[in-house]
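# Structure assessment
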Amino acid sequence: MIINGGSRSNGAFFAKHLTNGEHNECVTLCEMRNLAAQNIADAFREMAAVAMGTLCKNYFYHANLNPRADELLTDQQWKTAIDTLEKNLALSRHARFVVEHRKEGRTHRHVIWSRIDVRAMRAVTMTDDYEKHQATARELERKFKLERVKSVHGRTRASGPRPSRRPQTWESFRGQQSGIDPWKMKQTITGLYRASKSGAAFAALLDAQGYILVKGDRADFCIMDKAGHLHSLARRIDGIKADALREFMMDIDRAALPSAASARLSADS
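Overview of the structure. All of these numbers come straight from a predicted model, not from anything done at the bench.

## Let's talk about the overall build of the chain
When its secondary structure is counted, the chain shows 9 helices and 10 strands. Scored against the burial criterion, the 269 residues of the chain give a buried share of 42%. A fraction of 65% describes how many contacts in the chain between residues 6 or more apart in sequence connect residues 24 or more apart.

## Focus: the sheet that holds strand β9 (residues 221-224)
Consider a sheet: its strands pair through backbone hydrogen bonds, and that pairing is either parallel or antiparallel. Strand order in this open sheet of 3 strands is β8-β9-β10, and the pairing throughout is antiparallel. Because the sheet does not close on itself, it has two edges, and the strands there are β8 (212-215) and β10 (230-232). Strand-to-strand, the axes of this sheet are offset by a mean angle of 35°, without reference to chain direction. Here 4 bridges tie β8 to β9, and the two strands are oriented antiparallel to one another. Its bridge partner lying in β9, valine 214 is registered against cysteine 222.

## Focus: the packing of helix α1 (residues 11-18) against helix α2 (residues 40-51)
Axis separation between α1 and α2 bottoms out at 9 Å; the angle between their running directions is 160°. Looking at the two axes, α1 sits roughly antiparallel to α2. Classified by chirality, the crossing of α2 by α1 is right-handed. Along the contact surface, α1 presents Gly11, Phe14, Ala15 and Leu18, while α2 presents Ile40, Ala41 and Phe44. Residues of the contact of α1 with α2, tallied by class, amount to 6 nonpolar, 1 polar and no charged.

## Let's talk about the nonpolar core
Formed by 21 residues in total, the largest nonpolar core has its most connected members in Ile3, Tyr61, Leu65, Leu85, Leu89, Leu91 and Trp113. Every element with two or more residues in this core is listed here: β3 (60-66), α3 (75-88), β5 (106-114) and α4 (129-144). No other element matches the 4 residues that α3 contributes to this core. Excluding anything up to four places from it in sequence, leucine 89 contacts Tyr61, Trp113, Val124, Met126, Asp129, Lys132 and His133. In this structure, Ala203, Tyr211, Phe221 and Ile252 belong to the second largest nonpolar core, which totals 19 residues.

## Side note on the packing of helix α6 (residues 182-194) against helix α7 (residues 199-208)
Two numbers describe how α6 lies on α7: the axes approach to 9 Å, and their chain directions differ by 145°. As α6 packs across α7, the resulting crossing turns out to be right-handed. Residues Ile189, Leu192 and Tyr193 of α6 touch α7, and the partners they reach there are Phe202, Leu205 and Leu206. In terms of residue class, the contact of α6 with α7 is made up of 6 nonpolar, no polar and no charged.

## A word on the pattern of salt bridges
Inspection of the entire model under this criterion finds 15 salt bridges. Note that arginine 68 and aspartate 70 form a salt bridge whose closest N and O atoms lie 3.3 Å from each other. Overall, the relative accessible area of 33% leaves arginine 68 in the partly exposed class. The class for aspartate 70 is exposed, based on a relative accessible area of 56%. In this structure, arginine 138 and glutamate 141 form a salt bridge, with 2.8 Å as the shortest nitrogen-oxygen distance. Taken together, the residues arginine 138 and glutamate 141, both in helix α4 and 3 residues apart, mark about one turn of the helix. By the burial criterion, arginine 138 is buried, and glutamate 141 matches it. Salt bridges here are not isolated pairs; linked through shared partners, they connect Glu31, Arg33, Lys79, Asp83, Glu86 and Arg96.

Analysis parameters
Residues numbered from 1 in each chain as written. Predicted model: local features only at pLDDT ≥ 70, side-chain atom pairs only at ≥ 80, totals over all residues. Heavy atoms only, no water. Helix = DSSP H or I, 4+ residues; strand = E, 2+ residues; numbered from the N terminus. Buried < 20%, exposed > 50% of the residue type's maximum accessible area, 1.4 Å probe, protein only. Contact = heavy atoms within 4.5 Å. Pairing = 2+ DSSP bridges. Axes fitted to C-alpha atoms, helices over the stretch in contact; angles between N-to-C directions. Parallel < 35°, antiparallel > 145°, perpendicular 65-115°, else oblique. Left-handed = near helix turned anticlockwise from the far one by under 90°. Nonpolar A, V, L, I, M, F, W, Y, C, P; charged D, E, K, R; others polar. Core = buried A, V, L, I, M, F, W, Y, C linked by side-chain atoms within 4.5 Å. Salt bridge = Lys/Arg side-chain N within 4 Å of Asp/Glu carboxyl O.

Set out below in structure tokens:
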């Protein structure tokens, strides 16, 4: 089982994704707890209204629980899985709702919790949540006798080579809208990198594939895809660290690269 997620603030964006019937054969609202709302959009509005009484910006927590295609959980197992994750994230009894997506025979569930403890009117601090996702997944695999997935972080990390980093949830959502799959994109760019003997050769291959090499605000090198979306270049190459990429790209004058804003203007003109 794979579990991912994080603290978020864009309720309108998530409401659109969670109710999207175009990318899913079946969308089911499975649960609405401690909320007066009757639908997903209103549930986000209600959580946002509660958070206005605090200083919290990322007022809800989104998690995605995704078993293998051939691992079908019962409703009780789903409830156990969600309750276990909720406890490990210290979100017990917080307002939440659960949405099931089914596509091509595969089922996964999204859970949205309010981060606000209404008794104290304070947001729960979310720390080490990636490790908690993995620890929960390993616990559920043992409990339900599911196939074990390799952990990437923390004490539950498997021995041997580190598994490839998975796209973050928001990256997957964005990819659904643009039609650019971040996982396939990573495979393509990794192949271009491994076929290049220098940064300049790599940049030329990226350009031939329609990617614009730009200087990032936080990352040294970023690329812009055909939809105008920005990606950290290091995150789109499997098995490389930022300092290693920086050394490989030494023959590229980063200062001469366009900024993301100017590249986007050029693409739109």
